[in-house]
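# Breakdown of the fold
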Amino acid sequence: MGLTPTAPGGVLLAVDAGNSKTDVIALSPDGTVLGSARGGGFHPPQVGVAAAVDVLAPLVASVAEQAGLDGPAEHLSAFLANVDLPVEEAALAEALTARGWARTLEVGNDTFALLRAGLPDGVPPAGVAVVCGAGTNCAGTAPDGRVARFPSIGAISGDWGGGSHLAREAIWHAARAEDGRGEPTVLAETVPAHFGLATMPELIEALHLGRIPATARHGLAPVLFAAAAGGDPVARSLVARQAEEIVVMATVALRRLDLLDEPVRVVLGGGVLAARHPLLHDQVTALLAERAPRAVPHVVVAPPVLGAALRALDHAAAGTGAAAGAAACERLRAHYAATGTATAA
């Protein structure tokens, strides 16, 4: 089983599997992207481990073909949503090993990919990442290898927020404003209007009877932020609560790692945070300045697969040396900067 001359040292694979989409890339140890593919969301708790891994199979096959790979890759770094517990990571690692896609592999929650994407290259990782996309999660690492993380599996693990949760809150408040049980809010008009309807009773009926799929609710987060930007008190209270939750997770993780008083990055990513809605972004940065004054907020807008690929390059650098590893990371980051998806401070 050989590798093409375009990939000296062996092809690396990187996977970022999120709630709504999955990205897979093949790259060489020098940071050159050799192939890429995108597929659907990754939901092992709902469909089972085997079926979830099946989602990855055609994507891996596609990038392997683009890279000219006719055998196992040298290494696979897979960072996956809905893989929140160590027992889940172990099950996915076993399933991916059985596929034989790579000689070695690393499996982790996708929050760690965001963290890697937002940290400097070539130094021991130290920092915390908070993702706020469809849901929320937080993870951090200390230079000595200690890790802080949260289960992030919904209400049973104390979670609050994310785009899906904010959408449900917007509907809840809009419904109560409509019938008088809650405070008045512009959401009573803008939420049904988002779906082309005139009133909340129409929207409630459409959602209940399935005429509007539940997944369509995810588009309500921008409606909520627009209402907040316009001064609506109910919408603003939800944005404030989201900012509080983001900062609570970050500061707790920093404290667990003894980094609360250190000048480390708090990496912010996911669709909600990467959008940099001024009200949310400003509240997050203000709360961080108050509670972790030496922390440096750092927004990442690059696709999370960048972090997975950087982890793969870190693995390869163990055999090529620190200088080669740093150059490879720089080349990979330049690739994403050229596509308009670079990190942003």
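All of these numbers come straight from a predicted model, not from anything done at the bench.

### Some points on the packing of aromatic side chains
Going through the model one piece at a time under the given rule, you end up with zero aromatic pairs. Above the ring of phenylalanine 150, the side-chain terminus of arginine 256 is found at 4.7 Å from the ring centroid.

### Here we look at empty space enclosed by the protein
If you walk through the whole model with that rule in mind, you get one cavity of 30 Å³ or more. A volume near 30 Å³ is recorded for the largest cavity. Contributing to the lining of the largest cavity are Asp84, Asn109, Thr111, Phe112, Asn137, Cys138, Ala139, Arg149 and Phe150. When residues in the lining of the largest cavity are grouped by element, the largest group, three residues, is from strand 7 (residues 136-141). Per-class residue counts for the lining of the largest cavity are four nonpolar, three polar and two charged.

### Section: the packing of helix 5 (residues 163-179) against helix 6 (residues 187-194)
Packing of helix 5 against helix 6 leaves a shortest axis separation of 8 Å and a crossing angle of 120 degrees. The angle between the axes of helix 5 and helix 6 places the two elements in the oblique class. The element helix 5 and its partner helix 6 pack so that their crossing is left-handed. The residues of helix 6 that touch helix 5, namely those facing Ala170, Ile171, Ala174, Ala177 and Glu178, are Leu187, Ala188 and Val191. Here the contact of helix 5 with helix 6 is composed, by residue class, of seven nonpolar, no polar and one charged.

About the thresholds
Residues numbered from 1 in each chain as written. Predicted model: local features only at pLDDT ≥ 70, side-chain atom pairs only at ≥ 80, totals over all residues. Heavy atoms only, no water. Phe/Tyr/Trp six-rings, centres within 6.5 Å; stacked < 30°, edge-to-face > 60°. Lys NZ or Arg CZ within 6 Å of the ring centre and 35° of its normal. 1 Å grid on protein atoms, 1.4 Å probe; cavity = no way out; pocket = protein on both sides within 12 Å on 5 of 7 lines; lining within 4 Å. Points joined across faces, edges and corners; volume = space filled by probe spheres on them. Helix = DSSP H or I, 4+ residues; strand = E, 2+ residues; numbered from the N terminus. Nonpolar A, V, L, I, M, F, W, Y, C, P; charged D, E, K, R; others polar. Axes fitted to C-alpha atoms, helices over the stretch in contact; angles between N-to-C directions. Parallel < 35°, antiparallel > 145°, perpendicular 65-115°, else oblique. Left-handed = near helix turned anticlockwise from the far one by under 90°. Contact = heavy atoms within 4.5 Å.

Geometry only, nothing functional implied.
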